[in-house]
Amino acid sequence: MAKQRRAIRVAVVGGGISKSFLSSRSQCGIAQGVRLREQLGKNVEITIYERATEPGGVWRDSTWPGAGVDVKIALYQLYSHLNPNWSEVWAGRDEVLAYWNRIIDQHDLRKDFVFDASFIGSTWSTSSQSHTLFFKRASGDKFVAEADVFISAAGALNTPTIPKVPGIESFKGLQWHSSRWQNEVDLRGKRVAVVGTGSSGIQVVPNIAGLVGINITQFIRSPGFFTPKLNRKYTWWEKFVFRYVPFAARLHRWWIFYQYDVATWAKGTGAKANLMRENVANKLLKYLHDTAPKEYHHLLTPHYPLHCKRVAYNAGWLESLHRPNVHLVGDAITAVTPDGLKTSDGTEHPFDVIVWATGFEVSTTGVGLNHGVYGEEGKELREVWEEQQGAEAYLAVSVPKFPNYFIILGPNAISMSWGYTLGNQTEFIARLVRGIYDKNLSSIAPKTSVTNEYNRVLHDRLEKTVLVSSACNAWYKYKGTGKVTAPSGLCGTELTCRTREIKWEDWEGRKVVVPGDKAELVELTTPATWNPFTLIARRIAKGLEAHILEFTT
């Protein structure tokens, strides 16, 4: 009787849920658990390590007034778990968190979580063909875990950052980061500083500006493009159609996907893409100037190409700037005083509360866990990426010499939107893990030559987009101005086309032929197929990629 194979052990680090761009957001860990269970069933042993004491990621933590998705909820949700009962087009935080908790329970994933587990590092053993992962609890206690496969599900924007402004510890009032909102503090009658005009900054202000006696001063560092966030309730008959009419919910989601996807074509620098971008930019500038107070136009009007930085969704923020108790300041903050903030023009602004809506630290997890992650040559991934002057990976999910290590939101992964990308990538990674199991392999890693060529072509493509514009310093560039490391320059359709099939000849596989012996290198090939649907899908994928490339470049 043949010996029954044990389940493949998979460690997923990060048990949150993505907030699309508000993100980092890490729907990653939960979505990855779902995909692994779908692909491998009982043949996988999943453990999801979460540093908090409950799942939820950014949706658990983001309790600021007005917190909600900034990608329409029909697209944000998993395509395999369409919810016909969303209350509105742009769902709020509580509703989204409840949706993901239902998915956890539906797939019985709650038992697979290990909470209070902060990742320290990992090592790869060539002899045992496994990862050893090191974690620390809030108490300071440390523990170790073993896994055959290690998946980084850490969101890119999960570590709040507050600028190191001189005197910040001297402030006598209250201060916090926007992602750690202190709801118990009554802001009525308070003088409040909001530093930053990113996603959270422009959500917070219109939702607190109506509080009795509050006076808000918001500090803006750079201007940007804004598009209206026109929210509405789904009607009862729409919900009825989504629930009972076959394919209605899926068609609704596809239509939203198509609109988002085509919009990303304007990032290209070809003649057609330039014309498309110019037309959209003119409309957005008109909207900005028609909506915001004229006295702030000089602070709000961008002087860089559209899509060089992310377009922000305006849900009442520009309108709130007309209120007499809301003020916008463009002078740089030079110091924090015991009573408030001092700006470069010498003005001292008194405050009772400072809210730092200043983004997140991305160097350690922005394109996947890399600090303390060691591969088969004992080299740290952080060091590898530093030598390359920016992170690189094959198809954004895996790195040569780091076997069985996969990254959900890896280098140059983001295509069209965060939410769509991680939905695609979690499925792709699950199929790779299933391939390891089905082929009875001990490990896989992408070939160096293939990875280098993939990144050469990818960055040639990125050079033909506005993402590389010198007019923009952006978090997604290496050290702010260098290589683009987070966006791919591709649209969602292209990402799907590139990952719909696994090209096994691009991977180095190893197998333990004789138990106890060293794993041997084996040649991998993509199985030939004469399935007419597969052949048609390949032809369509190539045609779509060629068409989009011609349009954008």
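Numbering of residues begins from 1 in every chain and follows the order in which that chain's sequence is written. Predicted model: local features are reported for residues with pLDDT of at least 70 only, side-chain atom pairs are reported and counted for 80 or more only, and whole-chain, interface and lining totals are derived from all residues. Think of the side-chain values as coming from all heavy atoms in the structure, minus any hydrogens and water.

This next bit is on the overall build of the protein chain. Of regular secondary structure, the protein chain possesses 15 helices and 21 strands. Here the C-alpha radius of gyration of the protein chain, 24 Å, is about what a compact globule of 553 residues would show, namely 24 Å. Projected onto the principal axes, the alpha-carbon positions of the protein chain cover approximately 80 × 55 × 50 Å. The classification of residues rests on relative accessible area computed with a 1.4 Å probe and restricted to protein chains. Under 20% of the type maximum is buried, over 50% is exposed, and intermediate values are partly exposed. Taking all 553 residues of the protein chain together, 55% fall into the buried category. Contacts are assigned to residue pairs with any non-hydrogen atoms lying within 4.5 Å of each other. Summarising the internal contacts of the protein chain: among those between residues at least 6 apart in sequence, 71% fall at separations of at least 24. In this text, helices come from DSSP runs of H or I with a minimum length of four residues, and strands from runs of E with a minimum of two, each type numbered from the N-terminal end. In this setup the radius of gyration rests on C-alpha atoms only. A globule is expected at 2.2 Å times the number of residues raised to 0.38.

Stacked, edge-to-face and tilted labels apply to pairs of Phe, Tyr and Trp rings (six-membered ring for Trp) whose centres lie within 6.5 Å, assigned for plane angles under 30 degrees, over 60, and everything in between, in that order. If you walk through the whole model with that rule in mind, you get 25 aromatic pairs. Measuring from ring centre to ring centre gives 5.7 Å for Trp-255 and Tyr-258, while their planes differ by 20°; the resulting arrangement is stacked. Residue Trp-255 and its partner Tyr-258 are both found in helix 7 (residues 248-263); the two are separated by three residues, about one turn of the helix. Of the residues examined, Trp-255 reaches a relative accessible area of 44% and is grouped as partly exposed. Between Phe-406 and Trp-507, the ring centres sit 6.5 Å apart and the planes meet at 55°, which makes this aromatic pair tilted.

Let us now look at a nonpolar patch on the surface. Only residues above 30% relative accessible area that lack a salt bridge enter a patch, with like-charged residues linked at up to 9 Å and the nonpolar side chains Val, Leu, Ile, Met, Phe, Trp and Tyr linked at up to 5 Å. Each accessible area is a Shrake-Rupley result for a 1.4 Å probe, and residues are judged covered by the shown protein chains and nothing else. Within this document, salt bridges are pairs made up of a side-chain nitrogen of Lys or Arg and a carboxyl oxygen of Asp or Glu, the two lying within 4 Å of each other. A surface patch of nonpolar side chains, about 580 Å² in accessible area, is lined by Trp-236, Trp-237, Phe-240 and Tyr-244. By relative accessible area, which is 68% here, Trp-236 ends up exposed.

The next subject is the confidence of the model for the protein chain. Do not read the predicted coordinates in detail wherever pLDDT is low. Confidence in the prediction for the protein chain averages 90 pLDDT; 95% of positions are at 70 or higher. Known as pLDDT, the predictor's confidence for each residue is given on a scale from 0 to 100. Note that pLDDT drops below 50 for residues 18-26; the model gives that stretch 59 contacts with residues more than four away or on any other chain.

For the rest of this paragraph, the subject is the sheet that holds strand 8 (residues 174-177). One requirement defines pairing of two strands: DSSP has to find at least two bridges between them. Strand order in the open sheet formed by five strands is 8-17-9-10-13, with parallel pairing between adjacent strands. The sheet terminates laterally at strand 8 and strand 13 (326-329), the two strands that pair on one side only. Geometrically, the sheet is characterised by an average inter-axis angle of 15° between neighbouring strands, direction not taken into account. Relative to strand 13, strand 10 (residues 215-219) runs parallel, the two being bridged by four bridges. Where helices are involved, their axes are fitted lines through C-alpha atoms of the stretch in contact, as for all axes, and angles between N-to-C directions lie from 0 to 180°.

To continue, consider the state of the cysteines. Two cysteine sulfur atoms make up a disulfide if the distance between them is within 2.5 Å. Under the criterion given, the structure shown has one disulfide. Residue pairing for Cys-308: its cysteine sulfur links by disulfide to Cys-472, the two sulfurs lying 1.8 Å apart. Residue Cys-308 is found in the loop between helix 9 (297-300) and strand 12 (312-314), and its partner Cys-472 is found in the loop between helix 13 (448-462) and helix 14 (492-499); the two are separated by 164 residues along the sequence. For Cys-497, which is in no disulfide, the shortest distance to another cysteine sulfur is to Cys-491 and amounts to 7.9 Å. Look at Cys-497 and you get buried, because its relative accessible area is 14%.

By the element assignment, Asn-314 lies in strand 12. Under the relative-accessibility criterion, Asn-314 is labelled buried at 3%. Within 3.5 Å is the distance limit for a polar contact, defined as a pair of N or O atoms, with the added protein rule that one can donate a hydrogen and the other accept it, and that residues adjacent in sequence qualify only through two side-chain atoms. A distance of 2.7 Å separates polar atoms of two side chains, one belonging to Asn-314 and the other to Tyr-287. Residue contacts for Asn-314: discarding those within four places in its chain leaves Phe-226, Thr-227, Pro-228, Lys-229, Tyr-287, Thr-291 and Glu-319.

Before going further, it helps to spend a moment on the packing of helix 1 (residues 28-40) against helix 12 (residues 418-438). At a minimum axis distance of 8 Å, the contact between helix 1 and helix 12 shows a crossing angle of 40°. On the basis of the axis angle, helix 1 is oblique to helix 12. Note that helix 1 runs across helix 12; the crossing there is right-handed. Within the contact between the two elements, helix 1 uses Cys-28, Ala-31, Gln-32, Arg-35, Leu-36, Gln-39 and Leu-40 and helix 12 uses Leu-422, Gly-423, Thr-426, Glu-427, Ile-429, Ala-430, Arg-431, Val-433, Arg-434 and Tyr-437. Taken together, the residues of the contact of helix 1 with helix 12 sort by class into nine nonpolar, four polar and four charged. Working rule for angles: under 35 degrees goes down as roughly parallel, over 145 as roughly antiparallel, 65 to 115 as roughly perpendicular, anything else as oblique. Each crossing gets its hand from how the near helix is turned against the far one by less than a right angle, where anticlockwise is left-handed and clockwise is right-handed. Think of it as three bins: nonpolar holds Ala, Val, Leu, Ile, Met, Phe, Trp, Tyr, Cys and Pro, charged holds Asp, Glu, Lys and Arg, and polar takes everything else, Gly as well.

Take the side chain of Arg-35 next. Its location among the elements puts Arg-35 in helix 1. A polar atom in the side chain of Arg-35 sits 2.8 Å from the side chain of Ser-80. Setting aside residues up to four positions removed in sequence, Arg-35 forms contacts with Leu-78, Tyr-79, Ser-80, Gly-423, Thr-426, Glu-427 and Ala-430.

Time to look at the pattern of salt bridges. Once their charged atoms are close, side chains differing in charge can pair, the charge on each being opposite to the other. Using the criterion set out here, one finds 24 salt bridges in the structure. Between Glu-38 and Arg-35 there is a salt bridge, with the nearest N and O atoms lying 3.0 Å from each other. Residue Glu-38 and its partner Arg-35 are both found in helix 1; the two are separated by three residues, about one turn of the helix. Looking at Glu-38, the relative accessible area reads 41%, which means it is partly exposed. For Arg-538, the salt bridge is made with Glu-501, and the minimal N-O distance between the two is 2.8 Å. One end of the pair, Arg-538, is in helix 15 (residues 532-552); the other, Glu-501, is in the loop between helix 14 and strand 20 (507-511), with 37 residues separating them in the sequence. By relative accessible area, Arg-538 is classed as partly exposed at 27%.

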